[in-house]
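Okay, here's what each chain looks like letter by letter:
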Amino acid sequence: MTQWHDVGPDGLVAEGEVVAVIAGGKPIALFLHEGVHFAIHDLCTHGNTPLSDGWVEDGCIECPLHQGKFCIRTGEALTTPVTEPVATFATRVIDGRVEIEV
């Protein structure tokens with residue numbers, strides 16, 4: 001069963017940036033892309049490295065360890081060496097607070 005978890009105020013993450021948060025005990029990378037929040041599991045599926053330490057560009061996050069890229073909208077693995085997608089989580093903003101469904 002999933003639950004919504006408050007992770008901070010709207011504005012916690014800037015457009016085109018990433019912030020590491022914890023929701024439901026899980027490490028989450030939170031993004032703001034084109035005015036919409038996106039959340040993915042904050043560990044690369046290839047090297048078990050925090051994706052929130054990576055680089056955000058054009059709706060993708062690049063792993064800082066091996067430079068594999070993931071789509072922040074879908075979690076899809078886009079470039080080698082990553083081949084497995086990362087989990088994604090629904091987001092919403094309620095009363096000026098960002099929530100993630102885990």
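Residues numbered from 1 in each chain as written. Predicted model: local features only at pLDDT ≥ 70, side-chain atom pairs only at ≥ 80, totals over all residues. Heavy atoms only, no water.

- For the protein chain, the name recorded in an unreviewed UniProt entry is Putative ferredoxin, with Caenibius tardaugens NBRC 16725 as its organism.
- Under the Sequence similarities (unreviewed entry) heading, UniProt states for the protein chain: "Belongs to the bacterial ring-hydroxylating dioxygenase ferredoxin component family."
- A UniProt comment under Cofactor (unreviewed entry) is attached to the protein chain, and it reads "[2Fe-2S] cluster". (UniProt positions renumbered as here; feature names shortened; annotations may be inferred.)

**Quick word on the nonpolar core**
Item 1. Membership of the largest hydrophobic core comes to 14 residues, with the highest contact counts inside it found for Phe 31, Ile 40, Cys 44, Leu 51, Ile 61 and Phe 70.
Item 2. Counting residues per element, the ones that place at least two in this core are β3 (26-33) and β4 (36-41).
Item 3. In this structure, Ile 28, Leu 32, Ala 39 and Val 102 belong to the second largest nonpolar core, which totals 12 residues. (Core = buried A, V, L, I, M, F, W, Y, C linked by side-chain atoms within 4.5 Å. Buried < 20%, exposed > 50% of the residue type's maximum accessible area, 1.4 Å probe, protein only. Helix = DSSP H or I, 4+ residues; strand = E, 2+ residues; numbered from the N terminus.)

**So, the pairing of strand β10 (residues 97-101)**
Item 1. With 5 bridges connecting them, strand β1 (residues 4-9) and β10 associate as antiparallel partners. Looking at the pairing, Pro 9 lines up with Arg 97 of β10.
Item 2. In this structure, strand β9 (residues 91-94) lies alongside β10, joined through 4 bridges in antiparallel fashion. Following the sheet pairing, Ile 94 is matched in β10 by Arg 97.
Item 3. Between β9 and β10, which follow one another and run antiparallel, lie 2 residues, and Asp 95 among them has a positive phi close to 50°. (Pairing = 2+ DSSP bridges.)

**Things to note about the pattern of salt bridges**
Item 1. Going through the model one piece at a time under the given rule, you end up with 3 salt bridges.
Item 2. In this structure, Asp 6 and Arg 97 form a salt bridge, with 2.9 Å as the shortest nitrogen-oxygen distance. With Asp 6 in strand β1 and Arg 97 in strand β10, this pair connects stretches of sequence that are 91 residues apart.
Item 3. Note on Asp 6: relative accessible area 41%, which makes it partly exposed.
Item 4. With its nearest N and O atoms 2.6 Å apart, the salt bridge here joins Arg 92 to Glu 99.
Item 5. Classification of Glu 99 as buried rests on a relative accessible area of 15%. (Salt bridge = Lys/Arg side-chain N within 4 Å of Asp/Glu carboxyl O.)

**Side note on the sheet that holds β10**
Item 1. As summarised here, the arrangement of the 3 strands in space is β1-β10-β9, forming an open sheet in which the pairing is antiparallel. The open sheet has two edge strands with one neighbour each: β1 and β9. When the angles between neighbouring strand axes are averaged without regard to direction, this sheet yields 30°. (Axes fitted to C-alpha atoms, helices over the stretch in contact; angles between N-to-C directions.)

**A look at the packing of aromatic side chains**
Item 1. All told, the structure shown has 0 aromatic pairs when counted by the stated rule.
Item 2. Here the guanidinium or amino end of Arg 92 rests over the ring plane of Trp 4, the centre of that ring lying 4.0 Å away. (Phe/Tyr/Trp six-rings, centres within 6.5 Å; stacked < 30°, edge-to-face > 60°. Lys NZ or Arg CZ within 6 Å of the ring centre and 35° of its normal.)

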